[in-house]
Amino acid sequence: MRWLVIGLLAAVYVFETVIAVLNFRHSRKPIPRNVEDVYDKKRYKKWLAYSLEGHRFNLVQQGLHLCVLIILLLGPFANLARAVSNWAADPIWQSLIFLGIYQTFMQLLAVPFRLYRTFSIEERHGFNRTAKKTFVRDTIVSYLVSLCLGGLVLGGIHVLFLKFSDRIWAFVGLTWAVLALIMVLAVAVIGKWLMRLFNRFTPLPPGELRNRIEGLGSSLGFNVKTILVMDASKRSTKSNAAFTGIGKTREVILFDTLLEKMSDDEILAVLAHELGHAVHKDTWRLLGRQVAMMAFVAAGIGLILQSPGLYLAFGFSGVHFGFGFILFSILLEPVALLLGVPFNLLSRKAEFKADAFAAEQTDAVWMVSALKALARENLVNLNPHPLAVLLYYSHPPISERIAAAQ
Ligand SMILES: [Zn+2]
């Protein structure tokens, strides 16, 4: 059993490595005609170098992560659980301390990689604007938030497990309800609240752009009073725009980097795309899919907590809630990869529809030039491998989007 889990971990790594290599090789093939003018030759060379370095760095980081996890599985996890059981008598505290130590260790391990990515790779390719102070603050805040939110959710599920361990379907049902509620809250409020921990948001000042955005919104029956500019430029030069929240909590977010680099016409096309998502109720659909997915997650957690043999194989004396979560996340990975295929397919369809909507509401010319500007500023892969698109791409490749918009 032990080697089956470790084999699965390794198989996922090998599979993802193969896809990454295929994807990089594919990007060196001639790029589609309709995106030839996105980068000039010099910038395209720059892109290839950036991309290759990013791919290699990911593989090294994931490889190291894999090795550490395998070593931990072969003994240290069981030893840690035994040690923690001497420090705390309460099983909920035991699993929280166990997972807290694991989480802290993994985050510490990731810090040098994040440092190198931000201050070397992104810096050398001209994207980085993160000050050292921002980096330190980001690291500490995201660590504390993940510890607090993770602790609350896992502690809550553990309470349910202790109460309903003899009625597993009641446990699964209630866990699903809790996870679904968290998903809804995440989209409606928690996501917005978290974004505010890391960025400053200011209303888009009155003027021509604001008038045009409000005009576009009201012509579609949307009250877009909350148009906020996010100070994305304090970390990176990359740009984007998004709709956050749902129903009454909805907001339009524009990266300040987007305002720096795009014409009003292009910004309006990008916003019309986001409004298209709202008109098509894509956020609700996505939420529906995520809530359905949580049923699967809850059933998986229930199943793992009912399989004592798994824990014995890794040197535990019986079911251990904290370790159960680690096992669950390992076993979930290949399943999530597979489930990503239909999820991403639906998402790419929604993107095409939102593009078409934007082209109809503004002008296809502006939509196309906005797509090219976004691709250029974010150094997007113009020629991804179809298998990589199938597995990972929530948005269609840029050349397909442009072909469809024209
Ligand atoms: Zn979109």
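For the structure given in this document, a descriptive report is provided here. The structure displayed is predicted, hence computed values, not measured ones.

What counts and what doesn't
Residues numbered from 1 in each chain as written. Predicted model: local features only at pLDDT ≥ 70, side-chain atom pairs only at ≥ 80, totals over all residues. Heavy atoms only, no water. Donors = N, O, S within 2.8 Å, 3.2 Å for Na, K, Ca; no water. Tetrahedral: all angles 85-135°; square planar, octahedral: opposite > 155°, others 65-115°. Axes fitted to C-alpha atoms, helices over the stretch in contact; angles between N-to-C directions. Helix = DSSP H or I, 4+ residues; strand = E, 2+ residues; numbered from the N terminus. Parallel < 35°, antiparallel > 145°, perpendicular 65-115°, else oblique. Left-handed = near helix turned anticlockwise from the far one by under 90°. Contact = heavy atoms within 4.5 Å. Pairing = 2+ DSSP bridges. Salt bridge = Lys/Arg side-chain N within 4 Å of Asp/Glu carboxyl O. Buried < 20%, exposed > 50% of the residue type's maximum accessible area, 1.4 Å probe, protein only. Phe/Tyr/Trp six-rings, centres within 6.5 Å; stacked < 30°, edge-to-face > 60°.

**Details of the coordination of the zinc ion**
Coordination sphere of the zinc ion, protein contribution only: H273 (NE2), H277 (NE2), E351 (OE) and E351 (OE), at 2.1 to 2.8 Å. In this structure, the zinc ion is surrounded by four donor atoms whose angles at the metal cover 51 to 136°, and the resulting shape is irregular.

**Describing the packing of helix α3 (residues 76-87) against helix α4 (residues 91-124)**
For any two helices packed against each other, the geometry comes down to the angle between their axes and how far apart the axes lie. As a packed pair, α3 and α4 sit with axes 9 Å apart at the nearest point and diverge in direction by 135°. When the axes of α3 and α4 are compared, the pair comes out oblique. As α3 runs across α4, the sense of the crossing is right-handed. In this structure, α3 uses F77, L80, A81, V84, S85 and W87 to contact α4, whose residues at the interface are Q94, I97, F98, I101 and Y102.

**Digging into the sheet that holds strand β2 (residues 227-230)**
Read from one edge of the open sheet, four strands run β1-β2-β4-β3, paired in mixed fashion. Of all strands in the sheet, those with a lone pairing partner are β1 (201-203) and β3 (241-244), marking the two edges. Averaged over all pairs of adjacent strands, the angle between strand axes in this sheet comes to 30°, irrespective of strand direction. In terms of strand pairing, β3 meets strand β4 (residues 251-255) through four bridges, oriented antiparallel. Residue A242 lies in a different strand from β4, and its bridge partner there is I253.

**Observations regarding the pattern of salt bridges**
Applying the stated criterion across every chain, the model contains nine salt bridges. Close ionic contact of E53 with R124 constitutes a salt bridge, the shortest N to O distance being 2.5 Å. Residue E53 is found in helix α2 (residues 41-73), and its partner R124 is found in helix α4; the two are separated by 71 residues along the sequence. Its salt-bridge partner being D265, residue R212 comes within 2.8 Å of it at the nearest N-O pair. Here R212 is found in helix α7 (residues 208-219), whereas its partner D265 is found in helix α9 (residues 264-279), with 53 residues between them in sequence. A relative accessible area of 29% means that R212 is categorised as partly exposed. Residues joined by salt bridges that share partners form a network here, namely K192, R196 and E251.

**Focus on the packing of aromatic side chains**
Applying the stated criterion across every chain yields a total of 14 aromatic pairs. Geometrically, the ring pair formed by F316 and F323 is stacked, given 4.4 Å between the ring centres and 20° between the ring planes. F323 carries the same exposure label as F316, and that label is buried. Seen from their ring centres, F321 and F325 are 5.2 Å apart, and the 55° between their planes marks the pair as tilted. Of the two residues, F321 and F325 both sit in helix α12 (residues 321-361), four residues apart, roughly one turn of that helix.

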